[in-house]
Amino acid sequence: MLIRRETASDADAIRAITTAAFAPAYPSVDVPPEAGLVDELRAGPAWLPALSLVAATPAGEIIGHVLCTRGHVGHDPVLGLGPLSVRPDQQRRGVGSALVHAVLGAADALGEPLVALLGDPAYYRRFGFELSSVYQITPPVPHWQPHFQVRVLSAYQPRLRGPFTYPEPFDRT
């Protein structure tokens, strides 16, 4: 498997993978909101091309995708991770883990201070994520607290605390 930056020609494959990965959570809709979210993020000012990564087979077939976009803690720029999508027939094979490790490494190399996400603490703990309350960072929606997490990176400064905001397209998801 190769982890690389997304290219323009990957958009349809990413949409299909995101749709397939999130479809079980939305049995009554044709297209899960996460699939449209990726397209909206890609078209907006929070898009960071260096932090939209795909996992590809040796033959070049896209099997997973992750991205980080510009979020904020108070007025300070940070990152929001998600969605993370792996084609269902490739799940539980390390693709998602490889993508998360790669995007965290890229974010750290770019000098970003932290990455926030909404997700399962049992899954994301292995990557160094902790509940955001440990860092006095509050989620955009208060009842997310048990699942809203932060991973600090090398450029983290303890003064980063307060409310986290995702880019505007997340408000519609």
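Everything quoted here is computed from the prediction, not taken from an experiment. (Residues numbered from 1 in each chain as written. Predicted model: local features only at pLDDT ≥ 70, side-chain atom pairs only at ≥ 80, totals over all residues. Heavy atoms only, no water.)

Enquirer: Can you tell me about the overall build of the protein chain, naming the residues and giving the values?
Expert: Within the protein chain one finds 4 helices and 9 strands. Its helices and strands in sequence order give the protein chain the pattern β-α-α-β-β-β-α-β-α-β-β-β-β, from N to C terminus. For the protein chain, the C-alpha radius of gyration of 15 Å lies close to 16 Å, the compact-globule estimate for 173 residues. A total of 173 residues make up the protein chain; the buried ones form 45% of that total. (Helix = DSSP H or I, 4+ residues; strand = E, 2+ residues; numbered from the N terminus. Rg over C-alpha atoms; globule rule 2.2 N^0.38 Å. Buried < 20%, exposed > 50% of the residue type's maximum accessible area, 1.4 Å probe, protein only.)

Enquirer: Describe helix H3 (residues 95-109), listing the residues and the values that go with them.
Expert: Under the 1.5 Å per step criterion, the end-to-end length of H3 is 21 Å for 15 residues, consistent within 8% with the ideal 21 Å. Every buried residue of H3 is accounted for by Val95, Gly96, Ser97, Leu99, Val100, Val103, Leu104 and Ala107. Looking at the residues trailing H3, positive phi occurs at Gly111, about 80°. (Expected span 1.5 Å × (residues − 1).)

Enquirer: Residue-level account of the layout of surface pockets, with values.
Expert: In this model, the largest pocket occupies a volume close to 1100 Å³. What lines the largest pocket is a set of 34 residues, among which Phe22, Leu84, Leu118, Gly119 and Tyr124 lie closest to the centre. Breaking the lining of the largest pocket down by element, the ones donating at least two residues are helix H1 (11-22), helix H2 (33-42), strand S4 (76-86), H3, strand S5 (114-118) and helix H4 (121-124). For the lining of the largest pocket, the element with the highest residue contribution is S4, accounting for 6 residues. In terms of residue class, the lining of the largest pocket is made up of 19 nonpolar, 9 polar and 6 charged. (1 Å grid on protein atoms, 1.4 Å probe; cavity = no way out; pocket = protein on both sides within 12 Å on 5 of 7 lines; lining within 4 Å. Points joined across faces, edges and corners; volume = space filled by probe spheres on them. Nonpolar A, V, L, I, M, F, W, Y, C, P; charged D, E, K, R; others polar.)

Enquirer: Could you give an account of the packing of aromatic side chains, naming the residues involved and the relevant values?
Expert: Under the definition given, this model contains 10 aromatic pairs. When the centroid spacing of 5.5 Å and the interplanar angle of 75° are considered together, the rings of Tyr135 and Tyr156 count as edge-to-face. Taken together, the residues span a long stretch of sequence, with Tyr135 in the loop between strand S6 (130-131) and strand S7 (137-138) and Tyr156 in the loop between strand S8 (148-152) and strand S9 (162-165) at a distance of 21 residues. Members of the aromatic cluster, joined through ring pairs, are Trp144, Phe148, Phe164, Tyr166 and Phe170. (Phe/Tyr/Trp six-rings, centres within 6.5 Å; stacked < 30°, edge-to-face > 60°.)

Enquirer: Lay out the packing of H1 against H2 in plain terms, naming residues and giving numbers.
Expert: Interaxial distance between H1 and H2 falls to 8 Å at its minimum, and their mutual angle equals 145°. Between H1 and H2, the contacting residues are Ala11, Ile14, Arg15, Thr18, Thr19 and Phe22 on the first element and Glu34, Ala35, Val38, Asp39 and Arg42 on the second. (Axes fitted to C-alpha atoms, helices over the stretch in contact; angles between N-to-C directions. Contact = heavy atoms within 4.5 Å.)

Enquirer: I'd like a description of the pairing of strand S3 (residues 62-73), backed by residues and values.
Expert: If a strand is regular, its side chains alternate between the two faces of the sheet. Among the 12 residues in S3, 10 count as buried, and that is most of the element. When strand S2 (residues 52-56) meets S3, the two strands line up antiparallel, connected through 5 bridges. When the bridges of S3 are listed, Val54 appears paired with His65. Between S2 and the antiparallel strand that follows it, S3, lie 5 residues; Gly60 among them carries a positive phi value of about 95°. Pairing analysis gives 9 bridges linking S3 to S4, with the strands arranged antiparallel. Residue pairing across strands places Arg70 opposite Leu79, the latter belonging to S4. Connecting the antiparallel pair S3 and S4 is a turn made up of 2 residues, with Gly74 showing a positive phi of about 65°. Sheet topology places S3 next to S9; 2 bridges connect them, and they run antiparallel. The residue of S9 that forms the bridge with Val73 is Phe164. (Pairing = 2+ DSSP bridges.)

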